[in-house]
Amino acid sequence: MMSVIPNVVLVAAESADWHGITQTSLNGVFEEIYNLLPIILPAIIGWLGFRKAWAFIRGAIKGA
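Residues numbered from 1 in each chain as written. Predicted model: local features only at pLDDT ≥ 70, side-chain atom pairs only at ≥ 80, totals over all residues. Heavy atoms only, no water.

Draft legend 1. Layout of the overall build of the protein chain. What the protein chain contains, in helices and strands, is two helices and zero strands. Of all 64 residues assigned to the protein chain, the portion counted as buried reaches 0%. (Helix = DSSP H or I, 4+ residues; strand = E, 2+ residues; numbered from the N terminus. Buried < 20%, exposed > 50% of the residue type's maximum accessible area, 1.4 Å probe, protein only.)

Draft legend 2. Seen up close, the packing of aromatic side chains. Tallied over the full model, the rule gives two aromatic pairs. Taking 6.4 Å as the distance between ring centres and 15° as the angle between the ring planes, the aromatic pair formed by Phe-50 and Trp-54 counts as stacked. Taken together, the residues span about one helical turn, with Phe-50 and Trp-54 both in helix α2 (residues 23–63) at a distance of four residues. Among the aromatic residues, those joined into a cluster by ring pairs are Trp-47, Phe-50 and Trp-54. (Phe/Tyr/Trp six-rings, centres within 6.5 Å; stacked < 30°, edge-to-face > 60°.)

Draft legend 3. Layout of α2. In a regular helix each residue adds 1.5 Å, so 41 residues correspond to 60 Å; α2 covers 56 Å between its end C-alpha atoms and thus fits that length. Taken as a whole, α2 carries its principal kink of about 50° at Leu-37; the proline Pro-38 stands between one and four residues after it. (Expected span 1.5 Å × (residues − 1). Bend = angle between axes of the 7 residues up to and from the residue.)

The following block contains the structure:
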């Protein structure tokens with residue numbers, strides 16, 4: 001059974017019309033990342049601010 005798997009992969013690689021990663025194949029990926037930036041950046045900034053505020057509150061309580 002193990003000898004069948006490499007043959008299947010080899011046949012799939014030979015029959016595929018793949019010419020590597022091109023700019024056109026990555027355009028969709030970059031476009032989706034660009035579309036997600038308005039959601040991800042405020043979430044990251046908010047999370048960092050929450051962590052900083054939480055650390056400040058914990059420090060103020062420990063120092064009291």
